[in-house]
Amino acid sequence: MALQHFVGQSQELALAAATAITPEEREERQKQAEKLDEKLRFIVEKIPDRRYHIMGSNAGAGSGEFHMYRASRRREQERLERLDEDWEAMKASEDFQRKQEVLQREDEERTAKRRAQRQKKKDKQKSKKQKQGAGDVATCAAGGEQQSGGGGAAADGGSGSEAEEEDGKVEAAPLD
């Protein structure tokens with residue numbers, strides 16, 4: 001409890017005074033003492049008794065402490081600025097990489113689409129030539145004539161069933 005310990009004659013007086021009070025007063029004082037103990041425990045547990053701000057601005061700091069404080073503050077500010085710059089550079093790099101990947105993907109899609117269109121056009125021309133070539137062979141077999149320069153196999157650049165001589169003349173292949 002929060003009751004103080006009395007030494008010597010004062011202790012005897014306190015005991016005599018304690019016997020002179022009624023039991024209700026004694027309970028009331030005991031409750032007050034318990035409340036006081038709770039308050040003191042709360043203060044001791046919750047409120048720090050000492051603070052450690054070495055580089056703070058306090059009345060006991062000497063004139064040299066100010067310059068040390070400013071130097072450490074400047075170093076900390078520079079460190080924070082470097083961290084911010086590094087963070088911004090990293091974000092910019094990530095954004096750039098992401099944009100590059102998107103652009104490359106779009107470029108590959110366009111290239112694939114155009115490649116498919118070219119291949120489709122090439123296949124269409126090839127099938128058209130094959131149809132013309134089949135039509136020429138059918139007319140040759142049926143009519144016995146050969147078209148000269150009208151889109152036959154020799155005119156298209158393919159040798160087909162005809163053989164070219166060295167002087168540029170075209171020789172007809174024998175029909176079976």
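Throughout this description, residue numbers start from 1 for each chain and increase along the sequence as written. Totals for whole chains, interfaces and linings use every residue, but because this is a predicted model, local features are given only for residues with pLDDT of at least 70 and side-chain atom pairs only at 80 or more, for both listing and counting. Only hydrogens and water are removed before side-chain values are computed, so all heavy atoms of the structure are retained for them.

### Focus on the overall build of the chain
And step 1. If you tally the helices and strands in the chain, you get 3 helices and 2 strands.
And step 2. Along the chain, from the amino end to the carboxyl end, the secondary structure elements read α-α-α-β-β.
And step 3. Counting only residues that meet the buried cut, the chain has 4% of its 176 residues in that class.
And step 4. The contacts in the chain between residues at least 6 apart in sequence include a share of 20% that link residues at least 24 apart.
And step 5. Summing over all exposed atoms, the chain offers an accessible surface of approximately 16,600 Å²; the carbon and sulfur share of this is 52%. Each helix corresponds to a stretch of at least 4 residues labelled H or I by DSSP, and each strand to a stretch of at least 2 residues labelled E; elements are numbered beginning at the N terminus. Type-normalised accessible area, obtained with a 1.4 Å probe on protein chains alone, sets the label of each residue: buried when under 20%, exposed when over 50%, and partly exposed for intermediate values. Two residues form a contact once any of their heavy atoms are found within 4.5 Å. Residue burial considers only the protein chains on display, and all accessible areas are found by Shrake-Rupley using a 1.4 Å probe.

### With respect to the pattern of salt bridges
And step 1. Throughout this description, the term salt bridge denotes a Lys or Arg side-chain nitrogen within 4 Å of a carboxyl oxygen of Asp or Glu. Following the criterion strictly, the structure yields 4 salt bridges and no others.
And step 2. Note that Glu76 and Arg79 form a salt bridge whose closest N and O atoms lie 2.7 Å from each other. With Glu76 and Arg79 both in helix H3 (residues 63-143), this residue pair falls 3 residues apart, about one helical turn.
And step 3. Taking the relative accessible area as the measure of exposure, Glu76 reaches 35% and is therefore partly exposed.

### Points about a positive patch on the surface
And step 1. Positive charge collects at one region of the surface, where Lys113, Arg114, Arg115, Arg118, Lys122 and Lys126 lie side by side.
And step 2. Relative to the helices and strands, Arg114 is located in helix H3. Residues enter patches when their relative accessible area tops 30% and they take part in no salt bridge; the joining distance is 9 Å for like charges and 5 Å for the nonpolar side chains Val, Leu, Ile, Met, Phe, Trp and Tyr. When charges are counted, Lys and Arg are positive and Asp and Glu negative, with His and the chain ends excluded. The atom standing in for a charge is NZ when the residue is Lys, CZ when it is Arg, CG when it is Asp and CD when it is Glu.

### Here we look at a nonpolar patch on the surface
And step 1. Among the surface-exposed residues, Leu36, Leu40, Phe42 and Ile43 lie close enough to one another that they form a single nonpolar patch of about 370 Å² accessible area.
And step 2. Turning to its location among the elements, Leu40 is positioned in helix H2 (residues 23-46).

### What about a negative patch on the surface?
And step 1. Taken together, the side chains of Glu81, Asp84, Glu85, Asp86 and Glu88 define an acidic patch exposed on the protein surface.
And step 2. Here Asp84 shows up in helix H3.

### Concerning the confidence of the model for the chain
And step 1. Averaged over every residue, the pLDDT of the chain is 75; the share at 70 or more is 58%.
And step 2. Per residue, pLDDT captures the predictor's confidence, and it can take any value from 0 to 100. Confidence scores differ between elements of the chain, with strand S1 (residues 163-164) showing the lowest mean pLDDT of 48 and H3 the highest of 88.
And step 3. Predicted confidence for residues 146-165 stays below pLDDT 50, and this span has 20 contacts to residues more than four positions away or in other chains.

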